[in-house]
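# Commentary on secondary and tertiary structure
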Amino acid sequence: MNTPAPPAPSLDQIRAQFPALSSSTAFLDNAGGSHLPRCVIDAMTRYMAESFVQLGGDYPESLAAAENVAGAHDMVKLLLNAHDAGEVVLAQSTTSLCHLLASCYERSPRPDRNEIVVCTAGHEANIGAWMKLAERGWVVREWRAERDCKSDTRGVAQGSWRILPHTLRALLSERTRLATFPHVSNILGEIVDAAEVAAMAHSVGAKVVCDGVAYVPHRAPDVARLGVDWYVYSTYKVYGPHAAALFGTREALAELEGPNHYFIPRDRVPYKFELGGVNHESCASINGLWEYLCFLAGEATLPARRDGTRARDRAIVERAFGVMERLELATQSMLIEWLRARRDIDIIGPTHADARRVPTVSFVVRGQSSRALATRANRDGLAIRYGHFYSKRLVESIGLEPDDGVVRVSLVHYSSPAEVTRLIEWLERALA
Ligand SMILES: Cc1ncc(COP(=O)(O)O)c(C=O)c1O
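All figures in this text were calculated on a predicted structure; none of them were measured in a lab. (Residues numbered from 1 in each chain as written. Predicted model: local features only at pLDDT ≥ 70, side-chain atom pairs only at ≥ 80, totals over all residues. Heavy atoms only, no water.)

Let's shift gears to the packing of aromatic side chains. Tallying each qualifying case throughout the model produces eleven aromatic pairs. With 6.4 Å between their ring centres and 75° between their planes, Phe18 and Tyr239 make a pair best called edge-to-face. One end of the pair, Phe18, is in the loop between helix H1 (11-15) and strand E1 (26-27); the other, Tyr239, is in the loop between strand E9 (230-234) and strand E10 (244-248), and 221 residues separate them in sequence. Residue Phe18 is classed as buried on the basis of its relative accessible area, which comes to 2%. When its relative accessible area of 0% is taken as the criterion, Tyr239 is described as buried. When the centroid spacing of 6.1 Å and the interplanar angle of 75° are considered together, the rings of Tyr47 and Phe52 count as edge-to-face. Tyr47 gets classed as buried once you look at its relative accessible area, which sits at 5%. For Phe52, a relative accessible area of 48% corresponds to the partly exposed category. (Phe/Tyr/Trp six-rings, centres within 6.5 Å; stacked < 30°, edge-to-face > 60°. Helix = DSSP H or I, 4+ residues; strand = E, 2+ residues; numbered from the N terminus. Buried < 20%, exposed > 50% of the residue type's maximum accessible area, 1.4 Å probe, protein only.)

This is the structure we're talking about:
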């Protein structure tokens, strides 16, 4: 018989974990970077106070430092459901990881496969790095977001801008080496069926690079189930430090040379892809996330992660993200339903408020500048932003002036109904 899951903490208990949420500002800009729970902050300071030394020694502090770095790779492995920690590369940002990957592909050309399909509806991090390969003789094909002309049977409104996997098919061929795309656009908010994209690319022998930055703050990806070859995300959007992680399957990693020193063997993954030392204090924070996920999952004590069984640890991760999803669905529908009811507002992206999207919601007010509106909101204590959010090509293709762009409200699980109500009431006054 299944034992029932322990009760999840209340929203008040969750918010109490985040020191920054005691501010009077309503923080609705989480897609730019989330706040950190106290345990994640403490893990970093503890590490810096106790074992901030170089790896490779046999003295206790150096062994602790090595355990910290290995632990962070293992934590990402668990979060993404990778097979082993050797499939996880850590670095400073998603942008730098995409550039690193692109330069590795550039140095491992295959004349029979010199085409790349790039989804231009994503963040520039996973576009520009690949576009540059066109200067080196690669053929780059653009996969664009489209206005969905049919209202689909699942209720996505007609006319929504979407990234539609079936529109990728015509761009793929036996010459395609890679297809790159976002798991969620940081403007549109809808979850792209990454498994479908990966299967389509694999059917012609191509690999995929999925940008999970806008997805992982909301759901725990399962790279094994999705079947993606590469998956990248930024830890500072997932209640952690300014750093990023790249998953690659063993096969995808082995195909490339890796940029590290000549004496680092080719089979030493992930080290052959990690230039210099990884950021130890970031690793400590990444490790600290385990404590927060256990808290969200309702675990009464803190189970030792690396001593536990993989299935138990993954179940805790999935329960924690299940709690996040339930909380987010409530605030997401409050916001979207209000926006949808306004005749003077256009939501950019699908307008449904269900689990097929995340609560990163962009809109424009007809006849009004996004900049002016967001700036006024900021002055009144509402942290929202405007612009193209580095998804400039998407915003341009929608026909918006990119510097003014959209107003974006981005919630996560700790965003409260009271904060959303405060924003809605402010918008009602501002647009009256
Ligand atoms: C969807 C998406 N991809 C990539 C990035 C770039 O991440 P980083 O700042 O780690 O380079 C961002 C940053 O906002 C993003 O939203």
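Ordered in space as E11-E12-E15-E14, the four strands form an open sheet in which the pairing is antiparallel. With one partner strand each, in any of the chains shown, strand E11 (345-348) and strand E14 (385-387) form the two edges of the open sheet. Averaged over all neighbouring strand pairs, the angle between strand axes comes to 35°, with direction disregarded. Bridging between E14 and strand E15 (residues 406-410) involves three bridges; their strand directions are antiparallel. By the bridge assignment for E15, Gly387 is matched with Val406. Against the sheet, helix H11 (residues 370-379) engages strand E12 (360-365), E14 and E15, with an angle of about 165° to E14. (Pairing = 2+ DSSP bridges. Axes fitted to C-alpha atoms, helices over the stretch in contact; angles between N-to-C directions. Contact = heavy atoms within 4.5 Å.)

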